[in-house]
Structures are given as structure tokens and as C-alpha cells.
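Report on the structure
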Amino acid sequence: MNELLLNLKKEKQICSLYRLSCEPNKFSVGYILKVGEDSILMQSISPYGEDDGYIYRLIDDIAFIEIDTEYLKEIKILSDYNNLKVNDLDIFDGKILSDFISYIKRKQFICTIEFFSDNERCICGLIKEVADNLLKVEVVDDRGYKSGYVFADINEISAIEVLSKDECKLQILYKHKYI
């Protein structure tokens, strides 16, 4: 799987990733930016061919990968129309998770963090502190309000999404209410 992911990254080829821990019809579309030993970083593309943020994901949770489908060809047409640029974050392939967390914390982006490869075990909010293997997250509810803090073990993180349409909406609501 790693070799395939490295090739998709090198070729900058749009792909679909299906996860083991999700519904069979749910998948992510985008470009592989980073490939580590056990995880990847992907630039996500919406069904409308627009930038939909970044996704960190464990490789063990990838069930299968699609390329060259009619759907992906349509997304490529839409993304070209929208002048979507494949971005590259200043993140080292060997330290994807820690560098990605640092990036999100530094930029103060609202993110969604999944634990134990279970899309039902998620928290959404701002990363406030990172100490040892403990993450302190200020929880933001679905209307952009502060909702306390959660402390979580970094080693249990299975996915992180940031700058998707959902997180951008919450970022706007949060800033309007608190900044």
C-alpha cells in the first residue's frame, strides 16, 4: 500500500480513499501530499471540485484506493475549472502527525479529530496545548460555541480533518462570537 501511495504522491494523481471504519459508500477524494510509515496527509477535494482542506489518515484504515474512474475524471475537470492548486505543507514525511498538529495549533484552525478509527469518536475544536503525548483541545460545538476542554492521547488519533467546508463554517462562527 505504501508504494502505491508514494507513487500517487509522486505523480500528483487524484484518487479516492475508502476506509475500513466507515460506511462503504463514504470516501475521500484528493491528492496524496505526504506518506509516512503508518499515515498519510491528503489534500481533499469537494464533490464540486473545490479545495476541501486536509486529511490525516492512518494507512491501516485504508480499505482500497481508486484511480481513473469516471467520477474522478469529473472531479478533475471541476477542480481545473476552479483553478485548484495542489498545496504542499511544510511537513516532514517521517513526522506527519506531530508536524500536522503543530501546523493546526500554530494557525489556530478548528479541526476534527477522530480516535480509535471510529468516526463516532470525534472531537471538534482548537488545539490549545501539546505536552508529551497529551493533547488539550478547546471543544467547539456545531454552532461555533466554546464547549469546554478535552484531553486526549495523541497515540489514539486515527484521523484529523482541517479546513474542510464544515470546519471553515465553524471557524467563521467561532471568530464572530469570540474574536
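Residues numbered from 1 in each chain as written. Predicted model: local features only at pLDDT ≥ 70, side-chain atom pairs only at ≥ 80, totals over all residues. Heavy atoms only, no water.

1. So, the overall build of the chain
We apply this condition: Starting at the N terminus, helices and strands are each numbered in turn, a helix being any DSSP run of H or I of at least four residues and a strand any DSSP run of E of at least two. What the globule rule says is 2.2 Å times the number of residues to the power 0.38, and the radius of gyration is computed from C-alpha atoms. Note on exposure labels: buried denotes an accessible area under 20% of the residue type's maximum, exposed denotes more than 50%, and partly exposed covers the range between, all computed with a 1.4 Å probe on protein chains only. Using the Shrake-Rupley algorithm and a 1.4 Å probe, accessible areas are obtained, with residue cover drawn only from the displayed protein chains. None of His or the chain ends enter the tally, which takes Lys and Arg as positive and Asp and Glu as negative. Lysine's charge is taken at NZ, arginine's at CZ, aspartate's at CG and glutamate's at CD.
When its secondary structure is counted, the chain shows 4 helices and 10 strands. Sequence-ordered secondary structure for the chain, helices as α and strands as β, is α-β-β-β-β-β-α-α-β-β-β-β-β-α. Against the compact-globule benchmark of 16 Å for 179 residues, the chain has a radius of gyration of 16 Å, which places it among compact chains. With the C-alpha coordinates aligned to their principal axes, the bounding extent of the chain is approximately 45 × 35 × 30 Å. Taking all 179 residues of the chain together, 45% fall into the buried category. Only carbon and sulfur atoms are counted for the fraction: they give 49% of the accessible area of the chain, which is about 10000 Å². Taken together, the 23 basic and 32 acidic charged side chains of the chain have centroids lying 7 Å from each other.

2. With respect to the nonpolar core
As a reminder of what qualifies: We call a set of buried residues a nonpolar core when its members are Ala, Val, Leu, Ile, Met, Phe, Trp, Tyr or Cys and they connect through side-chain atoms within 4.5 Å of each other. In what follows, a contact means two residues having at least one pair of non-hydrogen atoms within 4.5 Å.
Counting residues in each nonpolar core, the largest one holds 25 residues, and the members touching the most others are F100, I104, I113, I157 and I160. At the level of secondary structure, the elements contributing two or more residues to this core comprise β4 (51-58), α3 (96-107), β6 (110-115), β7 (118-131), β8 (134-140) and β10 (157-162). Take this core: its biggest share by element is 6 residues, from α3. The residues contacting I160, other than those within four sequence positions of it, are Y54, I55, Y56, L97, F100, I101, I104, C111, T112 and I113. Grouped together as the second largest cluster of nonpolar side chains are 11 residues, L17, I40, I59 and I65 included.

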